[in-house]
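Coordinate analysis (summary)
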Amino acid sequence: MVSWFRRKQPDAQTPTPDAAQPPAAVVALDPPVDAAPAALPDPAPEPASVHLPAATLAAPAGKPGWRERLRGSAFARSFSGLFSRNPKLDDALLDEIETALLTADVGVTASTQLVESLRKRMKGREFTDANALLHALRMDLIALLRPVAIPLQIDASKKPFVLLTIGVNGVGKTTTIGKLARRYKDEGRSLMLAAGDTFRAAAVAQLQAWGERNGVAVVAQGQNADAASVAFDALQAARSRGTEVLIADTAGRLHTQGGLMEELAKVARVLRKLDAEAPHEVLMVIDGTTGQNALNQVRKFNEKIPVTGLVVTKLDGTAKGGVVFALAREFGIPIRYAGIGERPEDLRIFDAEAFVDALLPEALGGG
C-alpha cells in the first residue's frame, strides 16, 4: 500500500537531508493506487538565509566554480609543476605526462593513446615549446569528453518521464535524487519520488526529508518491501496525478551480487507493464573516488539494465578525476551531471571544457 507523507516544512535549524532522522510521526493517507492522490499543501516559504561555513557554500557558477572545487584533485596535483620541471620537448616530458595520467586514474588504454598522439605530433615538430604541448593535451582531453557531455532532456511527451537511479552502495544515489528534485522543482516541473531503497530505513527517511524540503510527494512502503512494487505504485500514482517526472530510488548493491542485480531488471519489467518505454532514463551514479573499479561497475550494471546516463559524484573530495576520461572512452555513455560539492546547486550539468580547465588549467605550465 502506498503511503503519502505530509510533514512540517523545516526551519532554518533543521539538519540537512543527509543527516535527517526518521520522523517521529508520519501521517499515512493510504489512498487507493488508482485514485488521484491527495494534493500536497503549498510548500512554506524558504527559511531565512543561514550563514554557512565556506566549505558548504555552493561553488560559484561557471568555470571558476569548477576550478575552486577540483583544484585539489589528484589529477591537478599530478600535473602541478610537471611542465616547469620538464621544460624541454623530449621523451622525458612525455613519460612524466603518461605517469601523471595513470596516477590520476585515466587508465592504461586512454593514457597510452593520448601520449602516443602527443609523441607523434612532437616528432612532427608541431609544438614550439612545452606550453604548446600542454595546450594540445588539454584539447585532446576535451575532445575525449565532448561526445559524452550531453545534458539530460526531459521528454514532455512522456508523462511521467520515469528516471530510475542505480549504483553500488554508498555512491550517493539518494542525495543525488534530492538534488535533482531541487533542480527540477526550480525549473517549474511537477515531480514525485519513489523510495525504492527498501533495505535501509534511513534511505527512506532521507528521501522523505528531501521531498519535504522541496515540496515533493514521496511514495514509500515498509522496510524490506519489494522495490518493484514501490516503483509500480509510484508510477500509477504519478500517472493519475499528471506528474511530469518520477524519480525512483533503488537499493545500493554490489555489481557482483547476482540476485540483487536481477532485481533491477525486475523493476524495469514491472514498470513496463504500465509504460512500455519506461524507464525513460536509467541514471547510474558513480563515486568519483572509486577509480578504475567504476568501469567494472558500469559494465556489470549495463548487462542487466541498459544505462543511458551517468552521474559522477564526490569529485570535490579525494577523487582523482581521471576515471571520467576512462568512462568516456570505454562506454561513450552520456555523462549527465557531476557532483562538485554538497549543496544542491553543486550538482552541475557536466561541462567538458569546465571540467578539463579545472583539472588542467592553462597556467599550469608556468609552474
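The paragraphs below set out a description of the structure included in this document. Just so you know, these numbers come straight off a predicted model, no measurement behind them.

Turning our eyes to something else, we now look at unusual backbone geometry. The step from K159 to P160 runs through a cis peptide bond, and the omega angle for that step is 5°. Inspection of the secondary structure puts P160 in the loop between α6 (130–145) and β2 (161–166). A cis amide bond links A278 with the next residue in sequence, P279, at an omega value of -10°. By the element assignment, P279 lies in the loop between α10 (258–271) and β6 (281–287). One non-glycine residue, K314, lies in positive phi territory at about 60°.

Between two packed helices, both the angle of their axes relative to each other and the distance between the axes serve to describe the pair. At their nearest, the axes of α6 and helix α12 (residues 323–331) sit 9 Å apart, and the two run at 55° to each other. One finds that α6 runs oblique with respect to α12. You can see that α6 and α12 cross each other, and the crossing is left-handed. In this structure, α6 contributes L141, L144 and L145 to the contact, and α12 contributes V324, F325, A328 and R329. Split into classes, the residues belonging to the contact of α6 with α12 amount to six nonpolar, no polar and one charged.

Another point: the pattern of salt bridges. Under the criterion given, the structure shown has 19 salt bridges. R189 is paired through a salt bridge with E187; the nearest N and O atoms lie 2.9 Å apart. We classify R189 as partly exposed; its relative accessible area is 23%. For E187, a relative accessible area of 44% translates into the label partly exposed. A single salt-bridge network, built from bridges that share partners, covers R67, R138 and D357.

Attention now moves to the packing of aromatic side chains. For the structure on display, the rule yields four aromatic pairs. A centroid spacing of 6.5 Å and a plane angle of 75° characterise the contact between W66 and F350, whose relative ring orientation is edge-to-face. Highlighted residues: W66 in helix α1 (residues 63–70) and F350 in the loop between β9 (347–349) and α13 (352–359), separated in sequence by 284 residues. An identical accessibility class is assigned to W66 and F350; each is buried. Taken together, W66, F325, F350 and F355 form an aromatic cluster joined through their ring pairs.

Cut-offs used in this document
Residues numbered from 1 in each chain as written. Predicted model: local features only at pLDDT ≥ 70, side-chain atom pairs only at ≥ 80, totals over all residues. Heavy atoms only, no water. Helix = DSSP H or I, 4+ residues; strand = E, 2+ residues; numbered from the N terminus. Axes fitted to C-alpha atoms, helices over the stretch in contact; angles between N-to-C directions. Parallel < 35°, antiparallel > 145°, perpendicular 65-115°, else oblique. Left-handed = near helix turned anticlockwise from the far one by under 90°. Contact = heavy atoms within 4.5 Å. Nonpolar A, V, L, I, M, F, W, Y, C, P; charged D, E, K, R; others polar. Salt bridge = Lys/Arg side-chain N within 4 Å of Asp/Glu carboxyl O. Buried < 20%, exposed > 50% of the residue type's maximum accessible area, 1.4 Å probe, protein only. Phe/Tyr/Trp six-rings, centres within 6.5 Å; stacked < 30°, edge-to-face > 60°.

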